[in-house]
Amino acid sequence: MTHKIVLVTNNEKKCKELESLLNNPQLTVKRYSDIIGKTLDIEETGDTFEENAIIKAKALLAYPQQIKNCIIVADDSGIEVDALNKEPGVYSARYGGPDLDDEGRCQYLLKNLGNSSNRNARFRCVIATIINQELKLYTGSVEGQIAHSIEGEKGFGYDPIFIPEGYTQSFAQLDYSIKSSISHRAKALEKFKEFISPK
Ligand code: ITT
């Protein structure tokens with residue numbers, strides 16, 4: 001059976017990753033803005049990735065005609081740094097204020113971490129799906145270390161300062177096939193794909 005999936009995100013690079021990870025002949029993947037004809041400014045008021053993923057997914061329920069027979073998929077994700085009391089966490093997209101871009105947020109995190117010898121960190125992802133009004137959550141995480149400087153140009157967000165466990169280079173340096181097999185998002189989506197299209 002072919003499923004029609006609607007992705008709820010305004011982050012172009014995250015959207016591309018989701019599309020690539022969901023690449024499967026049984027899935028038709030659409031962007032929510034193409035389905036409802038506009039973008040939404042969804043306020044992420046939750047204290048957890050779970051709450052924010054649910055807020056994003058539920059925002060589309062206001063468009064019942066357009067989303068008829070679709071599976072809604074929303075992603076809330078971020079990076080937790082142990083020596084920064086697990087910050088920025090759910091505030092990853094807003095870390096350091098609204099004027100910073102991805103590179104600025106990486107620099108800000110590196111400055112706050114300083115020369116700390118504890119550089120343990122992890123990316124977390126919660127995928128919220130709604131199928132026929134039924135909400136489900138899928139989680140994934142990947143452990144690693146914060147680099148001492150920005151390294152590499154691939155990916156997005158905090159990829160240039162995150163070195164996944166078992167590697168010596170950042171997600172922004174490593175071949176994308178590595179991130180797409182071990183990332184927080186890949187792990188969460190794997191569970192979702194297994195649910196809708198069991199092998
Ligand atoms: P949407 O809410 O519209 O999906 P967003 O960018 O605001 O887009 P989040 O609220 O989930 O998304 O914030 C996640 C932030 O965490 C994102 O902006 C990145 O900076 C970071 N992040 C999440 N996944 C990442 C990844 O795979 N690689 C690098 N950084 C990531």
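For the structure given in this document, a descriptive report is provided here. (Residues numbered from 1 in each chain as written. Predicted model: local features only at pLDDT ≥ 70, side-chain atom pairs only at ≥ 80, totals over all residues. Heavy atoms only, no water.)

This part covers the environment of Gly 152. Considering the arrangement of structural elements, one finds Gly 152 in the loop between strand S6 (134-146) and strand S7 (162-164). Relative accessible area serves as the criterion here: at 32%, Gly 152 is assigned to the partly exposed category. Sequence-wise, Gly 152 and Gln 169 are 17 residues apart; in three dimensions their C-alpha atoms are separated by 8.6 Å. Excluding residues that lie within four positions of it along the chain, Gly 152 makes contacts with Pro 160, Ala 172 and Gln 173. (Helix = DSSP H or I, 4+ residues; strand = E, 2+ residues; numbered from the N terminus. Buried < 20%, exposed > 50% of the residue type's maximum accessible area, 1.4 Å probe, protein only. Contact = heavy atoms within 4.5 Å.)

Evaluation of the coordinates by the stated rule reveals six aromatic pairs. Aromatic pair Phe 123 and Phe 171: ring centres 6.2 Å apart, planes at 15°, arrangement stacked. In this pair, Phe 123 is assigned in strand S5 (residues 120-131) and Phe 171 in the loop between S7 and helix H5 (176-182), connecting sequence segments 48 residues apart. Accessibility classification places Phe 123 together with Phe 171 in one group, the buried group. Look at Phe 162 and Phe 171: their rings are 5.4 Å apart centre to centre, the planes differ by 40°, and that puts the pair in the tilted class. On the accessibility criterion, Phe 171 (3% relative accessible area) is buried. Grouping aromatic residues by their ring pairs yields a cluster made of Phe 123, Phe 162 and Phe 171. (Phe/Tyr/Trp six-rings, centres within 6.5 Å; stacked < 30°, edge-to-face > 60°.)

Here we come to helix H4 (residues 102-113). Here H4 spans 17 Å end to end across twelve residues, near enough to the 16 Å set by a 1.5 Å rise per residue. Buried within H4 we find Gly 104, Arg 105, Cys 106, Leu 109, Leu 110 and Leu 113. Where the residues of H4 are buried, they touch strand S3 (70-81), strand S4 (87-88) and S6. Within two residues after H4, Gly 114 carries a phi angle of roughly 55°, on the positive side. (Expected span 1.5 Å × (residues − 1).)

Moving on, we get to the pairing of strand S1 (residues 3-8). Extensive coverage of S1 is indicated by the burial of five of its six residues. Direction of pairing for S1 relative to strand S2 (residues 27-31): parallel, over a ladder of five bridges. Each bridged residue has a counterpart across the sheet, and for His 3 the counterpart in S2 is Leu 27. Once you follow S1 into helix H1 (residues 12-21) and on to S2, the crossover reads as right-handed. Across five bridges, the pairing between S1 and S3 is parallel. Bridging from a neighbouring strand, Ile 5 pairs with Ile 71 of S3. (Pairing = 2+ DSSP bridges. Right-handed = clockwise from strand over helix to strand, strands pointing away.)

Next up on the list: the environment of Ser 117. Relative to the helices and strands, Ser 117 is located in the loop between H4 and S5. A residue is classified by how much of its surface remains accessible, and Ser 117, at 74% relative accessible area, is exposed. C-alpha of Ser 117 to C-alpha of Ala 83: the two residues are 34 residues apart in sequence and 8.9 Å apart in space.

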